[in-house]
Amino acid sequence: MKPAILFGGASYEHEISIVSAIALKKVLNVPLTFIFLDTEGTFYHIPAEKMKSNHFSSGSYKKDDTLRLVRGGFEKQGLFKARALEGFDVVLNLVHGGQGEDGTVAALFDFYAIPYIGPRKEASVLSFNKWLTKLYAQGLGIETIDFQLLRIDSERRVDFDYPVIVKPLRLGSSIGVSIVKSADELDFALDVAFEFDDEVLVEPFIEGIEEYNVAGCRAGDKWILSRIEAPQKKEFLDFDQKYLDFSRTESVSEAKISAELEERLKEAFKIVYGALFEGAVIRCDFFVQDGRVILNEINPIPGSMANYLFDDFTEVVSSLVSHLPKSRTIKPDYAYIDKVQSAKGPKIG
């Protein structure tokens, strides 16, 4: 296994993606190739020794070799002709937020027949949109928190008692998220959220609810599931805390829960993962209230790939690479066109 790490992208989570890529450099014990996608849509080959945050913040990456997508991979322009970028056999999609998680990168890789680890197009679309995530979960029989969808031009009226939580519909890392404790605070919270999206989700904020995170994937017939994490207890993890989380490489402790609850959380994860997320390592964040397991959100490209929840993340990725979904090969035989042409008679002229 020789993965290339694709990171960056045009997203509010651009810098988080850089931090995640630097973290994986420390975690994956295999040769790595690094491909940076800048906000203008240009791909760069970043030498491993330059994988430091100031290489990107200073703009020094612009001196590195540019790449272009070709069937099966990338190529860089040489002095006289283009040559293939070698040294990798699969791309790990580590572009957080827009482009990486909305299906753009998945569509590009599918179109150019590039093997990749990450959510496929349909999985990206469903998990990137918090409203669609809830509909998907409910269709599977998985509970979700009640919600209300507000558009930027809709009436600013909330159906729940305060406090409520306001979230941009298509964004992660707690960017633009606010806890609103009274009606007087609603307008400001909505203004903040609408800075990032034209649609927001409003949910009742439940004090003291238990939260647990589970990550994993399915490799063929084998489930690879992480230890279960109980995140820090706070009102919610804000952007700064999650930003630090993305750089984590040290393992976290197992949550102290009953075997019965552990089994229910893992079973809920398997149901959510299903066939839709094949080829990806995802993390599901669950709430537990009065014994009920409730899906909070799906992280299709979790920070640092949630490596800190596994004992051997290199083995996780290696197992997944051996069981990536395969696209159907379509080869038209033009029999229909030939039949139509024959019916019309010989072509004249």
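Residues numbered from 1 in each chain as written. Predicted model: local features only at pLDDT ≥ 70, side-chain atom pairs only at ≥ 80, totals over all residues. Heavy atoms only, no water.

Quick look at the packing of aromatic side chains
(1) Moving on: Taken as a whole and assessed by the stated rule, the structure comprises 17 aromatic pairs.
(2) Moving on: Plain terms: the ring middles of Phe 36 and Phe 56 are 4.8 Å apart, the flat faces sit at 55° to each other, and that makes the pair tilted. Of this pair, Phe 36 sits in strand S2 (residues 33–37) while Phe 56 is found in helix H2 (residues 53–57), placing the two residues 20 residues apart along the sequence. We note that Phe 36, like Phe 56, is buried. (Phe/Tyr/Trp six-rings, centres within 6.5 Å; stacked < 30°, edge-to-face > 60°. Helix = DSSP H or I, 4+ residues; strand = E, 2+ residues; numbered from the N terminus. Buried < 20%, exposed > 50% of the residue type's maximum accessible area, 1.4 Å probe, protein only.)

Brief notes about the sheet that holds strand S6 (residues 82–84)
(1) Moving on: Taken together, eight strands build an open sheet; the order of strands is S6-S5-S4-S3-S2-S1-S7-S8 and the sheet is mixed. The sheet is open, and its two borders are formed by S6 and strand S8 (116–117), each paired with just one other strand.
(2) Moving on: Taken together, the four bridges between strand S4 (residues 65–70) and strand S5 (residues 73–77) define a ladder with antiparallel strand orientation. Looking at S5, one finds that Val 70 is bridged to Gly 73.
(3) Moving on: Taken strand by strand, helix H1 (residues 14–27) contacts strand S1 (3–8), S2 and strand S7 (90–93), and its axis lies near 155° from that of S1. (Pairing = 2+ DSSP bridges. Contact = heavy atoms within 4.5 Å. Axes fitted to C-alpha atoms, helices over the stretch in contact; angles between N-to-C directions.)

A few points about the sheet that holds strand S14 (residues 210–219)
(1) Moving on: Spatial ordering of the open sheet is given by S9-S17-S16-S14-S15, a layout of five strands whose pairing is mixed. Looking along the sheet, the strands with just one partner apiece sit at the ends: strand S9 (143–144) and strand S15 (222–225).
(2) Moving on: Across two bridges, the pairing between S9 and strand S17 (residues 292–299) is parallel. In the strand pairing of S17, Glu 143 is matched with Ile 294.
(3) Moving on: Packed onto the sheet, helix H8 (residues 259–273) meets S14, S15, strand S16 (282–289) and S17 and runs at close to 55° relative to S14.

Section: the pattern of salt bridges
Side chains bearing opposite charge may pair, as long as their charged atoms lie close to each other.
(1) Moving on: Scanning the entire structure with this criterion turns up 20 salt bridges.
(2) Moving on: Among the ionic pairs, Arg 292 bridges to Glu 143, the shortest N-O distance being 2.9 Å. Here the residue Arg 292 occupies a position in strand S17, and Glu 143 occupies one in strand S9, the gap between them amounting to 149 residues.
(3) Moving on: Judged by relative accessible area, which is 32%, Arg 292 ranks as partly exposed.
(4) Moving on: Two residues, Asp 159 and Arg 157, come together in a salt bridge whose shortest N-O distance is 2.3 Å.
(5) Moving on: Each of Arg 151, Asp 153, Arg 170, Asp 197 and Glu 199 takes part in salt bridges that share partners, so that together they form one network. (Salt bridge = Lys/Arg side-chain N within 4 Å of Asp/Glu carboxyl O.)

Some words on the environment of Glu 254
(1) Moving on: By the element assignment, Glu 254 lies in the loop between helix H7 (239–245) and H8.
(2) Moving on: For the pair Glu 254 and Glu 229, spaced 25 residues apart in sequence, the C-alpha separation works out to 5.7 Å.
(3) Moving on: The contact partners of Glu 254, leaving out residues within four places of it in the chain, are Arg 227, Ile 228 and Glu 262.
(4) Moving on: A distance of 3.3 Å separates a polar atom in the side chain of Glu 254 from the backbone nitrogen of Ile 228. (Polar contact = N/O pair within 3.5 Å; in protein donor to acceptor, adjacent residues only side chain to side chain.)

A short note on the nonpolar core
(1) Moving on: In terms of nonpolar packing, the biggest core is built from 60 residues, with Ile 5, Phe 7 and Phe 313 touching the most fellow members.
(2) Moving on: Top contributing element to this core by residue count: H8, with six residues.
(3) Moving on: For Phe 313, the residues in contact, after removing those within four places along its chain, are Leu 24, Val 27, Leu 28, Val 281, Met 305 and Asn 307.
(4) Moving on: With 17 residues, the next largest nonpolar core counts Ala 4, Leu 6, Val 95 and Phe 109 among its residues. (Core = buried A, V, L, I, M, F, W, Y, C linked by side-chain atoms within 4.5 Å.)

Section: unusual backbone geometry
(1) Moving on: The peptide bond linking Tyr 162 to Pro 163 adopts the cis configuration, its omega dihedral lying at 5°.
(2) Moving on: One non-glycine residue with positive phi stands out, namely Met 305, at about 60°.
(3) Moving on: Its identity as a non-glycine residue notwithstanding, Ala 306 has a phi of 55°, on the positive side.

Things to note about the pairing of S14
(1) Moving on: The element S14 is extensively covered by neighbouring structure, given that eight of its ten residues are classed as buried.
(2) Moving on: Note that S14 and S16 share seven bridges and pair antiparallel. Looking at S16, one finds that Glu 210 is bridged to Val 288.
(3) Moving on: As paired elements, S14 and S15 share four bridges and run antiparallel to each other. Residue pairing across strands places Gly 216 opposite Leu 225, the latter belonging to S15.
(4) Moving on: In this antiparallel pair of consecutive strands, S14 and S15, the connection spans two residues, and Gly 220 shows a positive phi of 70°.

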